[in-house]
Amino acid sequence: MLIFDYFFYASQACKKQGVILSNIKEIFSAQRTFFKTGATLSYEYRFEQLHILYDAVKKNEKDVLQALAADLGRTTKESYLAELVPVYEEIKLFKKNLKSWMRPQSVSTPIHLLPANSKVFPEPYGVVSIFAPWNYPFQLLMTPMVGAIGTGNTMILKGSEYAPNVQKIMEKIIAETFSPNYIAYISGGIEQAKSILQEKSDFLFFTGSPRVGQIVMQAAAKHLTPVCLELGGKCPAIVDLDANLEIAAKRIAWAKYFNAGQTCAAPDYLYVHQSVEQELIEKIHQEVIETFGKKPMDSPLLAKIINAKHFQRLSSLFSVQELEFGGASSVEKNKIEPSLLRIKSWEHPLMQEEIFGPILPVLSFQNIEDLVGSLKDRDKPLALYYFSTDSSKQDYVLQNTSSGGACINDCFLHLANPNLPFGGVGKSGMGAYHGKQSFDTLSHKKSILTNKNYLDNPLRYSKSNRFKDWIVKNWL
Ligand code: NAD
């Protein structure tokens, strides 16, 4: 019966792939039925699907890179490093560790519960829905998907409508490779996203803005569905007077202007000690010239702003007269030159929301304690970057600020280490993923106590209070 169900639903759902809105309900139902067959539970099945995914991405690599170039204007090399390498690495890591991660973990059992033993058993949730944004549209959908495969879930994938070429190629890869009763890609925009949210998912994995994160969490509340929300915010880079300015300038310029600043963990704004402000700005400018040339608008390394709406939004946040450097832009190309300006306060329009573009506002500070104190009143960012050579100041900043992650003397490389959980806190999100953390996030941890029958301690059934008194005295 189970095998029959499997093939019936596989063939039914396959035939329906491509009919989008009207069949989201049916895809959920088919996935739930397939999940109930238990087909996704075994190590062998999960391992095989990871292998199949790896081959499918490899086979379509050229088309993926072309789609990324069309949507984001990035070079092949940059897209390969930012979108394909993380996916390949994540698949390899899962294949290498899957068996040990799946193994139930023994934990100790208190003496009064003996001879029972205790284990933590990771089990899949069921149907996982994964939403991705447009800024790294391939890897931000594929990386959590690797986790969902490795944890034995079925999944419904929703890419971003702002990256239509990537949507098309991902839909093709998924439709050609997997049966939609196991993995389905839903093309389309907000209406399709809303339709997914109306159905009951067993886990919601969302990457995007805090605004839509709230919508996702409201939808999740209806079914008490657990969520992982990978959101954005304003990430500060702080450069103290004892920092290595040469290195700080290089790393900040690289992180800020990569993908035209459209990176969730890019430094959104810069705080620099006033004694080194001018020197740092000059060095950042120098670094921009070295990377993008004297005419950055002509550089193939300058990515596009995703669309006209975001181009207009960014252009309205500053005036060219305010700039220390940069400011050129082209509506036709949807590009804005790497730009930097000094600002005096948080009243500036650039400080009212996450910038998500190649414009770096710079504020100065005199005292790190005062700055750290003022940051405590702000929303917790996805990441915080502190540049200083003084380890006691490094400790001070880490201990007295809260952020999803942090780098000392660097920017956003913490998310390139699959052994570090990646996620936000407060307004920048909840839950984390990458590597083992993806496995933990996308698995329910079932606590299991297994008792033996050869010993049945009569004291637990005793009506006398002596045993209870003894427990209270010795353990509480
Ligand atoms: P977004 O929130 O507008 O969209 C993300 C996803 O939500 C898309 O798939 C979209 O179709 C869907 N969506 C949009 N409106 C919806 C609605 N009303 N109801 C249901 N679904 C809806 O985000 P974006 O503009 O694509 O991406 C930019 C944001 O994502 C930034 O805030 C950035 O910081 C954040 N981001 C976070 C991470 C991270 O890992 N933390 C990574 C990349 C981007």
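Residues numbered from 1 in each chain as written. Predicted model: local features only at pLDDT ≥ 70, side-chain atom pairs only at ≥ 80, totals over all residues. Heavy atoms only, no water.

Undergrad: So what about the site of the ligand? Which residues, and what values?
TA: As a structural note, the neighbourhood of the ligand is formed by 26 residues, with Ala132, Glu161, Ser209, Leu231 and Glu354 the closest of them. Side-chain polar atom of Glu161 to an oxygen atom of the ligand: 2.7 Å apart, as the coordinates give it. When the free accessible area of the ligand is taken as 840 Å², the share hidden by the protein chains comes to 94%. Those elements that place two or more of their residues in the shell around the ligand are helix 8 (190-198), strand 6 (203-207) and helix 9 (210-223). Of all the elements, helix 8 adds the most residues to the shell around the ligand, at 4 residues. Its residues assigned to classes, the shell around the ligand comprises 15 nonpolar, 6 polar and 5 charged. Composition of the shell around the ligand by domain shows at least three residues from each of domain 1 (14-231 + 430-446) and domain 2 (236-418). (Near = heavy atom within 4 Å. Polar contact = N/O pair within 3.5 Å; in protein donor to acceptor, adjacent residues only side chain to side chain. Areas by Shrake-Rupley, 256 points an atom, 1.4 Å probe, with all protein chains shown as cover. Helix = DSSP H or I, 4+ residues; strand = E, 2+ residues; numbered from the N terminus. Nonpolar A, V, L, I, M, F, W, Y, C, P; charged D, E, K, R; others polar. Domains from an automatic or database assignment.)

Undergrad: Describe in detail the nonpolar core, supporting the description with residues and values.
TA: Most often, soluble globular proteins have nonpolar side chains that are buried together. Within the largest apolar cluster, 92 residues are counted, with the highest numbers of intra-cluster contacts made by Phe138, Met145, Val239, Ile252, Ile284 and Tyr385. In terms of residue count, helix 5 (residues 76-102) provides more of this core than any other element does, 10 residues in total. Ignoring sequence-local partners within four residues, the contact set of Ile252 consists of Ala237, Val239, Pro267, Leu270, Ile284, Leu360, Phe387 and Cys411. Judged by nonpolar contacts, the second largest core, of 28 residues, contains Tyr269, Phe311, Ile359 and Leu363. (Core = buried A, V, L, I, M, F, W, Y, C linked by side-chain atoms within 4.5 Å. Buried < 20%, exposed > 50% of the residue type's maximum accessible area, 1.4 Å probe, protein only. Contact = heavy atoms within 4.5 Å.)

Undergrad: Which residues make up helix 13 (residues 368-375), and what are the values?
TA: Of the residues making up helix 13, those classed as buried are Ile368, Leu371, Val372 and Leu375. Taken end-on, helix 13 shows its buried residues confined to a sector of 95°, consistent with a single buried face. Next to the buried residues of helix 13 lie strand 8 (236-239), strand 9 (269-273), strand 14 (359-365), strand 15 (383-387) and helix 14 (391-400). By the N-cap criterion, in which a side-chain oxygen at the helix start approaches the backbone nitrogen of a residue two or three places on, helix 13 is capped by Asn367, the distance to Glu369 being 2.8 Å. (Arc of directions from axis to C-beta.)

Undergrad: Now, about the sheet that holds strand 2 (residues 117-124): what can you tell me, with residues and values included?
TA: Strand order in this open sheet of 3 strands is 1-2-20, and the pairing throughout is antiparallel. This sheet does not close on itself; its edge strands, each paired only once, are strand 1 (105-107) and strand 20 (443-450). Neighbour-to-neighbour, the strand axes of this sheet turn through a mean angle of 30°, independent of strand direction. Alignment of strand 1 against strand 2, held across 3 bridges, turns out to be antiparallel. Residue pairing across strands places Val107 opposite Ser118, the latter belonging to strand 2. (Pairing = 2+ DSSP bridges. Axes fitted to C-alpha atoms, helices over the stretch in contact; angles between N-to-C directions.)

Undergrad: Give me the pairing of strand 5 (residues 183-186): which residues, what numbers.
TA: Two faces, one strand: in a regular strand the side chains alternate between the faces of the sheet. What you see with strand 5 is no split at all: Ile183 and Tyr185 on one side and Ala184 and Ile186 on the other are buried throughout. When strand 4 (residues 154-158) meets strand 5, the two strands line up parallel, connected through 4 bridges. Along strand 5, the bridge assignment pairs Met155 with Ile183. For the segment spanning strand 4, helix 7 (residues 164-177) and strand 5, crossover handedness is right-handed. (Right-handed = clockwise from strand over helix to strand, strands pointing away.)

Undergrad: Lay out the domain arrangement of the protein in plain terms, naming residues and giving numbers.
TA: Taken domain by domain, the protein comprises domain 1 (14-231 + 430-446) and domain 2 (236-418). The gap between the C-alpha centroids of domain 1 and domain 2 is 31 Å. Listed as interface residues are 18 residues of domain 1 and, on the opposing side, 18 residues of domain 2. In total, about 1,600 Å² of surface goes out of reach between domain 1 and domain 2, with carbon and sulfur atoms giving 56% of it. Linking domain 1 with domain 2 are 0 salt bridges, by the criterion used here. Linking domain 1 with domain 2 are 8 residue pairs in polar contact (both at pLDDT 80 or more). Listing elements by their share of the side of domain 1 that touches domain 2, those giving two or more residues are helix 4 (61-72) and helix 5. Sorting elements by how many residues they give to the side of domain 1 that touches domain 2 places helix 5 first, with 4 residues. Classifying every residue of the side of domain 1 that touches domain 2 by side-chain character gives 8 nonpolar, 5 polar and 5 charged. (Buried area = accessible area lost by both parts, 1.4 Å probe. Salt bridge = Lys/Arg side-chain N within 4 Å of Asp/Glu carboxyl O.)

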